[in-house]
Amino acid sequence: MSAPLGVILAGGRATRMGGGDKGLRVVAGQRLIDHVIARLAPQCGGLAINANGEPSRLAEFGLPILPDSLADHPGPLAGVLAGLDWAAGQGATAIVTAAADTPFFPTNLVAQLTACAGPSGLCLAASPDETGRVQRQPTFGLWPVALRDDLRAALTGGLRKIVIWTDQHQAGQAVFDSVPFDPFFNVNTPEDILTAEALMGAA
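Attention here is on the structure that accompanies the text. (Residues numbered from 1 in each chain as written. Predicted model: local features only at pLDDT ≥ 70, side-chain atom pairs only at ≥ 80, totals over all residues. Heavy atoms only, no water.)

### Points about the state of the cysteines
All told, the structure shown has 0 disulfides when counted by the stated rule. Between Cys44, a free cysteine, and Cys123, which holds the nearest cysteine sulfur, the sulfur-to-sulfur gap is 14 Å. Unpaired in terms of disulfides, Cys123 finds its nearest cysteine sulfur in Cys116, a separation of 5.3 Å. Here Cys123 falls in the buried class, since its relative accessible area comes to 0%. (Disulfide = S-S within 2.5 Å. Buried < 20%, exposed > 50% of the residue type's maximum accessible area, 1.4 Å probe, protein only.)

See the structure below:
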């Protein structure tokens, strides 16, 4: 089976960061999205970036830029749908998504998501929080192209919460260790940039 295509979700508005593209913020000498590309590219059969606004600002990456097909920023699921529509045009059967602001996600993300996929082919990543409770990471998932029309109908009907839709389709769950730190730590604020730079030394 060929590796799924990878889609970097960068369509958010970064309100806690003061707006703009979080993925272009620099952490330890590289932009966040550079860290994400370096981790995701070897795991996938090809990459694209889900982003809204002027695509030329991301042209230097040489990757397809996929805007949401639905208006009013309906959230990450719209980025998933854009990725699925792109993948369908490539003849692919699935995509794996990763958030553009999460530079430490596992290098075996795709393999584990594939191994833990539910009956529909869906799978979400998860990791234990500081209390040991396993928390789903819904922007990191394996999504079958076969479900794209169902997802489109759900979004058109007003659905926004990822796990409601994935639960309906019996998504599997791939749990990743949080030692020495949660690999799904994401950069939401300027303070988080400092934390991420400190974690770079521990990664």
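This is not the end of the story, as more comes after the structure.
### Some thoughts on helix 2 (residues 76-89)
With 14 residues, helix 2 extends 20 Å between its outermost C-alpha atoms, agreeing within 8% with the 20 Å of an ideal straight helix rising 1.5 Å per residue. Within helix 2, 10 of the 14 residues are buried, leaving the element largely enclosed by the surrounding structure. The complete set of buried residues in helix 2 reads Leu77, Ala78, Gly79, Val80, Leu81, Ala82, Gly83, Leu84, Trp86 and Ala87. Downstream of helix 2 by one or two residues, Gly91 has phi in the positive range, about 80 degrees. (Helix = DSSP H or I, 4+ residues; strand = E, 2+ residues; numbered from the N terminus. Expected span 1.5 Å × (residues − 1).)

### Details of the nonpolar core
Core analysis: the biggest nonpolar cluster contains 28 residues, and Ile8, Leu40, Ile49, Phe105, Leu109, Leu113 and Phe140 have the highest contact counts within it. Apart from residues lying up to four places away in sequence, Phe105 is in contact with Val36, Arg39, Leu40, Gln43, Ala98, Phe140, Pro183 and Phe184. Leu5, Val80, Trp86 and Leu159 belong to the second-largest nonpolar core, a separate cluster that totals 25 residues. (Core = buried A, V, L, I, M, F, W, Y, C linked by side-chain atoms within 4.5 Å. Contact = heavy atoms within 4.5 Å.)

### Brief notes about the side chain of Gln43
When you line up the elements, Gln43 lands in the loop between helix 1 (32-40) and strand 4 (47-50). Reaching out from Gln43, the side chain makes a polar contact with the backbone oxygen of Thr107 at a distance of 3.2 Å. Reaching out from Gln43, the side chain makes a polar contact with the backbone nitrogen of Leu109 at a distance of 3.0 Å. In contact with Gln43, other than residues within four places in its own chain, are Ala3, Phe105, Pro106, Thr107, Asn108, Leu109 and Val110. (Polar contact = N/O pair within 3.5 Å; in protein donor to acceptor, adjacent residues only side chain to side chain.)

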